[in-house]
Amino acid sequence: MNRILTKAIVTQFYKINTGFFLVLFLILFGLLNGKAMVEMHMYLMQEISADYRFLLAAMVIWLLYSFKCVLYVHKELRSAAGSYLYVLRSVTDGRHLRLWASCQFQLLLPVTIYTCLTAAVGYSSGHYLYPTLFLLYQTGLCIGAAFIYRDTINNVWRQVLPAMPGIMRGMRKPPYTFLLYYAVNMRKGTFIGLKLLSVILLQGMVAANQVEINKESVAILMMFLIAAHSLLPLYFMRHAETRLAFVRNMPLRDVSILLTVTFTYAVVFLPEITFLILNGRHALPPLVVVELYAVAVSQSMLYTMLHYIPRMNTDRYMLVVLSLFFATLLFLASFDLAPLLGVELLLSVILFVLFYRKYELPAANL
């Protein structure tokens, strides 16, 4: 039964919340260089182990995450698809609670690992009370949730949890975010892989240039990361022209479509630019960082618009991406980033105006 709960509840929870964990990972581990990241988390763990204010703050954050897990499981148990889990009524009360406590432990695994590391740091620093309380609190979250899940199954005729406010039941997704949600839900493997590649390469760049970060090396690295992200325009365009083909028949101005694409890439490259702002501010002027960000967005837009050119297949597209990569490197060796930004934006708009409304999806992709 434990395997069933793991597959039906835990695995689905992590799949659905891939975007949430990706954002959390980038905030906690992807925006600072390796040394600064370790120092920050060591400081937080030591303060949680020594200062009751930090401990209370951590407990509140842990409670909110646990509440998120409880709401998810409660919703699944109340849905028709999860009705088969009511077979748990046939097991003993003690086993019932143990199964749900194990399930909640797996849902809380990210914060449980952090709790154990915090306790280890606290004990090594000579603090015993607060780390022990933190561990007991973590255990209490698992046990408390187990009782809620058991009561949900045993009392289907009444509402175990109070009705949540409307804002807690989910938010409507604005139309201009549909490509982002597609990336983090339907292309999560590709998207997470690209962001991990970005974090690793940027961390390596900072580690190799601890004294001074060279502008040219940063620009070359960003061009490589932009080329690595060239898979996203391919997926975005196919998604928009197949599952979202009805958008063409809606009363939307073409500029709205173009701005949606722009907004998508502006968000996609935020982690990389934030990393450069936080770790390269001593060597990179703010204007250079802004230009790199703008070039990343404009070149990704250009990659997207290339797909609307007649007879542009995947092989030709990858050849163009490779050519643009080397051409951009040669351009950067002789000119500034601003002219490159202007040229790419102009080409993107021209291609969009010329080919977007004339595009017809090949029969093989229907």
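How each quantity is defined
Residues numbered from 1 in each chain as written. Predicted model: local features only at pLDDT ≥ 70, side-chain atom pairs only at ≥ 80, totals over all residues. Heavy atoms only, no water. Salt bridge = Lys/Arg side-chain N within 4 Å of Asp/Glu carboxyl O. Helix = DSSP H or I, 4+ residues; strand = E, 2+ residues; numbered from the N terminus. Buried < 20%, exposed > 50% of the residue type's maximum accessible area, 1.4 Å probe, protein only. Patch = residues over 30% accessible without salt bridge, like charges linked within 9 Å, V, L, I, M, F, W, Y side chains within 5 Å. Areas by Shrake-Rupley, 256 points an atom, 1.4 Å probe, with all protein chains shown as cover. pLDDT = per-residue confidence, 0-100. Contact = heavy atoms within 4.5 Å. Axes fitted to C-alpha atoms, helices over the stretch in contact; angles between N-to-C directions. Parallel < 35°, antiparallel > 145°, perpendicular 65-115°, else oblique. Left-handed = near helix turned anticlockwise from the far one by under 90°. Expected span 1.5 Å × (residues − 1). Phe/Tyr/Trp six-rings, centres within 6.5 Å; stacked < 30°, edge-to-face > 60°. Lys NZ or Arg CZ within 6 Å of the ring centre and 35° of its normal. Core = buried A, V, L, I, M, F, W, Y, C linked by side-chain atoms within 4.5 Å. Arc of directions from axis to C-beta. Nonpolar A, V, L, I, M, F, W, Y, C, P; charged D, E, K, R; others polar.

K.L.:
What should I look at first to understand the pattern of salt bridges in this one?
P.N.:
Opposite charge on two side chains permits them to pair, given that their charged atoms come into close proximity. Tallying each qualifying case throughout the model produces six salt bridges. Here Asp254 makes a salt bridge to Arg357, at a shortest N to O gap of 2.6 Å. Within this pair, whereas Asp254 is found in helix α12 (residues 254-268), its partner Arg357 is found in the segment after α16 (337-355), the two being separated by 103 residues in sequence. Among the residues examined, Asp254 registers a relative accessible area of 29% and is labelled partly exposed. A relative accessible area of 42% means that Arg357 is categorised as partly exposed.

K.L.:
I keep staring at a nonpolar patch on the surface and nothing clicks. Help me out?
P.N.:
Judged by side-chain polarity, Phe20, Val23, Leu24, Phe25, Ile27, Leu28, Phe29, Leu196 and Ile200 come together as a nonpolar surface patch covering roughly 740 Å² of accessible area. Those elements giving two or more residues to the nonpolar patch turn out to be α2 (18-29) and α9 (188-208). When residues of the nonpolar patch are assigned to their parent elements, the largest contribution, seven residues, is made by α2. Its location among the elements puts Leu28 in helix α2.

K.L.:
For this particular structure, what's the right way to read the confidence of the model for the chain?
P.N.:
Low pLDDT marks stretches whose predicted atomic positions should not be read closely. In this model, the chain carries an average pLDDT of 85, and 90% of its residues clear a pLDDT of 70 or more. Taking the mean pLDDT of every element in the chain, the minimum, 82, falls on α2 and the maximum, 94, on helix α6 (residues 109-124).

K.L.:
Could you clarify how one ought to interpret the environment of Leu180 in this entry?
P.N.:
The topology assignment puts Leu180 in helix α8 (residues 178-185). Since its relative accessible area comes to 16%, Leu180 is described here as buried. Considering only alpha carbons, one finds Leu180 and Val268, 88 residues apart in sequence, at a separation of 7.9 Å. Leu180 has contacts with Phe263, Thr264, Val267 and Val268, leaving out every residue within four places of it along the chain.

K.L.:
For this particular structure, what's the right way to read the packing of helix α1 (residues 2-16) against helix α4 (residues 52-78)?
P.N.:
The relative placement of two packed helices comes down to the angle between their axes together with the axis-to-axis distance. The interhelical angle for the contact between α1 and α4, taken along N-to-C directions, is 120°, at an axis separation of 11 Å. Comparing the axis directions of α1 and α4 gives the class oblique. Like other packed secondary-structure pairs, α1 and α4 cross with a definite hand, here right-handed. The residues of α4 that touch α1, namely those facing Ala8, Ile9, Gln12, Phe13, Tyr14 and Ile16, are Tyr65, Lys68, Cys69, Tyr72, Val73 and Glu76.

K.L.:
Looking at this structure, how should I read unusual backbone geometry?
P.N.:
Only a minority of non-glycine residues have a phi that is not negative, and only a minority of peptide bonds are not trans. We note that Arg311 has phi near 65°; this positive angle belongs to a residue other than glycine. Position of Arg311 relative to the elements: it lies in the loop between α14 (286-306) and α15 (314-334). A residue is classified by how much of its surface remains accessible, and Arg311, at 69% relative accessible area, is exposed.

K.L.:
Is there a simple way to explain helix α11 (residues 231-242) in this structure?
P.N.:
In an α-helix, one turn spans 3.6 residues; hence positions three or four apart end up facing the same way. For α11, built from twelve residues, the straight-helix expectation of 16 Å at 1.5 Å per residue is met to within 8% by its first-to-last C-alpha distance of 17 Å. In terms of residue burial, α11 counts as a mostly covered element, since nine of its twelve residues are buried. Taken as a whole, α11 has its buried residues at Leu232, Pro233, Leu234, Tyr235, Phe236, Met237, His239, Ala240 and Glu241.

K.L.:
Looking at this structure, how should I read the packing of aromatic side chains?
P.N.:
Each pair of aromatic rings is reported with the distance of its centres and the angle of its planes. Here the structure, examined in full by the defined rule, presents 19 aromatic pairs. Plain terms: the ring middles of Phe13 and Tyr14 are 5.5 Å apart, the flat faces sit at 75° to each other, and that makes the pair edge-to-face. On the accessibility criterion, Tyr14 (25% relative accessible area) is partly exposed. Ring-pair connections join several aromatic residues into one group, and the members of that group are Phe13, Tyr14, Phe20, Phe21, Tyr65 and Tyr72. Arg187 extends its terminal NZ or CZ atom over the ring of Tyr235, reaching a point 3.8 Å from the ring centre. The aromatic ring of Phe269 is capped on one face by Lys195, whose charged end is 5.5 Å from the ring centroid.

K.L.:
What's the story with the nonpolar core in this structure? I'm lost.
P.N.:
Proteins that are soluble and globular tend to have nonpolar side chains buried together. Residues Met222, Leu276 and Leu292 are the most contacted members of the largest nonpolar core, which totals 62 residues. Looking at which element gives the most residues to this core, the answer is α14, with eleven residues. Phe13, Leu88, Tyr114 and Leu141 belong to the second largest nonpolar core, which has 37 residues in total.

K.L.:
Could you clarify how one ought to interpret helix α3 (residues 34-50) in this entry?
P.N.:
The end-to-end C-alpha distance of α3, which contains 17 residues, comes to 24 Å, matching closely the 24 Å that a straight helix rising 1.5 Å per residue would cover. Of all the residues in α3, the buried ones are Met37, His41, Met45, Ile48 and Ser49. Down the axis of α3, the buried set is contained in an arc of 100°. They therefore lie on one face. Against the buried residues of α3 lie α2, α4, α6 and α7 (129-154).

K.L.:
Just to check I follow, could you spell out the packing of α3 against α6 for this structure?
P.N.:
Running from N to C, α3 and α6 cross one another at 75°; their axes reach a closest spacing of 8 Å. Classified by the angle between their axes, α3 and α6 sit roughly perpendicular to one another. Residues His41, Met42, Leu44, Met45, Gln46, Ile48 and Ser49 of α3 touch α6, and the partners they reach there are Tyr114, Leu117, Thr118, Val121 and Gly122. Counted by class, the contact of α3 with α6 contains seven nonpolar, five polar and no charged residues.

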